[in-house]
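Breakdown of the fold
One-letter residues, chain by chain:
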Amino acid sequence: MMEAVAAVYRGVEGKLSLETVQVDEPGDREIIVRTVGSGVCHTDLMLMDSNFIVPAVLGHEGSGIVEKVGPGVTKVEPGDPVVVSIPSCGRCAPCLQGRPMYCARSNEILFLPREDGPPTVSRDGEEIGSSYASSWITRMITTERCVAKVPGDVPLELLGPLGCGIQTGAGAVINALKAEPGSTIAIYGLGTVGQCAVMGAKISGCSRIIGVDVNESRLHMARELGATHVINAAKEDPVYRIFDLTGEGADYSLECVGIPEVFQNAVYSIHTRGVCGLLGFPPQGTEVSLDMGAILWGRTIKGIIEGDSVIDVFIPKLIDFHKAGKLPFDRLMKTYAFDEVEKACRDLRKGLVFKPILRF
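Read on for an overview of the structure.

Cut-offs and rules
Residues numbered from 1 in each chain as written. Predicted model: local features only at pLDDT ≥ 70, side-chain atom pairs only at ≥ 80, totals over all residues. Heavy atoms only, no water. Helix = DSSP H or I, 4+ residues; strand = E, 2+ residues; numbered from the N terminus. Rg over C-alpha atoms; globule rule 2.2 N^0.38 Å. Buried < 20%, exposed > 50% of the residue type's maximum accessible area, 1.4 Å probe, protein only. Areas by Shrake-Rupley, 256 points an atom, 1.4 Å probe, with all protein chains shown as cover. Lys, Arg positive; Asp, Glu negative; His and termini not counted. Charge placed at Lys NZ, Arg CZ, Asp CG, Glu CD. Contact = heavy atoms within 4.5 Å. Pairing = 2+ DSSP bridges. Axes fitted to C-alpha atoms, helices over the stretch in contact; angles between N-to-C directions. Core = buried A, V, L, I, M, F, W, Y, C linked by side-chain atoms within 4.5 Å. Polar contact = N/O pair within 3.5 Å; in protein donor to acceptor, adjacent residues only side chain to side chain. Salt bridge = Lys/Arg side-chain N within 4 Å of Asp/Glu carboxyl O. Parallel < 35°, antiparallel > 145°, perpendicular 65-115°, else oblique. Left-handed = near helix turned anticlockwise from the far one by under 90°. Nonpolar A, V, L, I, M, F, W, Y, C, P; charged D, E, K, R; others polar.

Concerning the overall build of the protein chain
A tally of helices and strands in the protein chain yields eleven helices and 19 strands. Since a compact globule built from 360 residues should have a radius of gyration of about 21 Å, the 20 Å found for the protein chain is in line with a globular shape. On the principal axes, the C-alpha backbone points of the protein chain span a range of 65 × 40 × 40 Å. Taken over 360 residues, the protein chain has a buried fraction of 56%. With an accessible surface of roughly 15200 Å², the protein chain has 52% of that area assigned to carbon and sulfur atoms. Each charge class in the protein chain can be summarised by its mean position, and for the 35 positive and 44 negative side chains these summaries are 4 Å apart.

In structure tokens, the structure reads:
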């Protein structure tokens, strides 16, 4: 066992306690990563609100240095800088087909990382819920499947969100939609994921990049990051305005907030051969109503997880884009000390920051 300090959620709204916990020794293909930085994501807030599992170590956008490896690990060795991404089982059909982001067992293994054996994180004999991506802890236990090696000449503490929010937004445009140069795209919801989609659209050479939100500061940021047009949906009908800008509707649209009404607008903003990607993560059971005729005439709706990204391929590519000045994701970030994790969560919930980064 190794000791670590974790931000533990125990079911009290908005409260996280810094506790000394025990991290188990790495088993087969498992890795211990000394955490350097971690993002705070809206999904973390959703898990807290739902009391999905209590007590738990949350976070899933971690970066750090490999400290120890278990038997069978060949991908990394102690001292390697890595980004930790979302767990997958490695055995289901999507995983075997090279699509781990659509792992059929993702929910099952989320906070039950080991099928048998001792818990990965505990406190004086009490099991603490933890996934292979849990990053609000000074030592993460994960697997080699979940990590991507990164260069040593980039600010490692800022790279954790490459494993989730950044690859989700940019990857949705580059990998999933494969937006062509000269195409048009409407992006609904301009938080971190939406802003990264804007940057991905600029990298892809989209001629019209239309950002939609109700927050003027987010619209302003989208303009600075590459949006050619912005629409405040609180002041005008975004669907009407998008048709006005494009003539017949956008080639692509993305819904990045998980709100049914916003998803409807995103679907109705594309032309009859267009593709709408759903990125927003709604509460389980959320339903939406769509005009079947609108879909019948050639429109495509595509669910997209983690930007269709294979982390060992796409995360280094994102870093190259960043080095070239094409993906300035650091502009979205504000850093907090690890013991300010509650404040980071509050600021994100209030919309005061795009992407909080905990520094260890």
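Having seen it, we continue.
Quick look at the environment of Gly171
Tracing the backbone through its elements, the reader meets Gly171 in helix H4 (residues 165–177). By relative accessible area, Gly171 is classed as buried at 0%. The spatial distance from the C-alpha of Gly171 to the C-alpha of His60 is 18 Å, given a sequence separation of 111 residues. With sequence-adjacent residues up to four places away left out, Gly171 is seen in contact with Ile166, Ala176, Gly307, Ser309 and Phe314.

Quick word on the sheet that holds strand E4 (residues 56–57)
On the basis of which strands lie adjacent, the open sheet formed by six strands has the order E8-E7-E2-E1-E4-E9 and mixed pairing. With one partner strand each, in any of the chains shown, strand E8 (126–127) and strand E9 (129–130) form the two edges of the open sheet. Bridge count between strand E1 (residues 2–9) and strand E2 (residues 16–23): eight bridges; the pairing is antiparallel. Bridge pairing in E2 links Val5 to Thr20.

Some thoughts on the sheet that holds strand E12 (residues 184–188)
Overall, parallel pairing links the six strands, which are arranged E14-E13-E12-E15-E16-E17 in an open sheet. Among the strands making up the open sheet, the edge pair consists of strand E14 (229–232) and strand E17 (300–303). With direction set aside, neighbouring strand axes in the sheet form an average angle of 20°. In the sheet, E12 pairs with strand E15 (residues 250–255) via four bridges, with the strands oriented parallel.

Observations regarding helix H11 (residues 341–349)
Looking at H11, one finds that the buried residues are Val341, Glu342, Ala344, Cys345, Asp347 and Leu348. Where H11 terminates, the next one or two residues include Gly351, which has phi positive at roughly 75°.

Concerning the nonpolar core
Judged by nonpolar contacts, the single largest core of 51 residues is most densely connected at Leu159, Ile185, Ile187 and Leu254. When residues of this core are traced back to their parent elements, those giving at least two are H4, E12, helix H5 (192–204), helix H6 (216–225), E15 and helix H10 (311–323). With seven residues, H4 is the single largest residue contributor to this core. Beyond its immediate sequence surroundings of up to four residues, Ile185 is in contact with Val173, Leu177, Ala201, Cys206, Arg208, Ile209, Ile210, Ala250, Tyr252, Ser253 and Leu254.

A closer look at the environment of Asp308
Turning to its location among the elements, Asp308 is positioned in the loop between E17 and H10. Under the relative-accessibility criterion, Asp308 is labelled buried at 8%. Counting along the chain gives 135 residues from Asp308 to Val173, while the straight-line C-alpha distance between them is 9.5 Å. Among the polar contacts made by the side chain of Asp308, one reaches the side chain of Tyr102 at a distance of 2.2 Å.

Topic: the pattern of salt bridges
For the structure on display, the rule yields 22 salt bridges. When the shortest N-O distance is used, the salt bridge between Lys323 and Asp153 registers 3.2 Å. Placement of the pair is Lys323 in helix H10 and Asp153 in the loop between strand E11 (147–149) and H4, with a sequence separation of 170 residues. Residue Lys323 is classed as partly exposed on the basis of its relative accessible area of 43%. Ionic contacts of the salt-bridge type, sharing partners, join the residues Arg10, Glu19, Arg123 and Glu126 into one network.

Re the packing of H4 against H5
At a closest axis distance of 7 Å, the pairing of H4 and H5 adopts a crossing angle of 40°. In terms of orientation, H4 and H5 fall into the oblique class. In the crossing of H4 with H5, the sense of the turn from one axis to the other is right-handed. Seen from H4, the contacting residues are Gly165, Ile166, Thr168, Gly169, Ala170, Val173 and Ile174; seen from H5, they are Val193, Cys196, Ala197, Gly200, Ala201, Ile203 and Ser204. When the residues that make up the contact of H4 with H5 are grouped by side-chain class, the tally is nine nonpolar, five polar and no charged.

Examining the packing of H5 against H6
The geometry of H5 relative to H6 is characterised by a closest axis approach of 9 Å and an angle of 20° between their N-to-C directions. As judged from the angle between their axes, H5 and H6 are roughly parallel. Where H5 crosses over H6, the two elements pack in a sense that is right-handed. Touching Gln195, Val198, Met199 and Lys202 of H5 are Arg218, Met221, Ala222 and Leu225, all from H6. Residues of the contact of H5 with H6, tallied by class, amount to five nonpolar, one polar and two charged.

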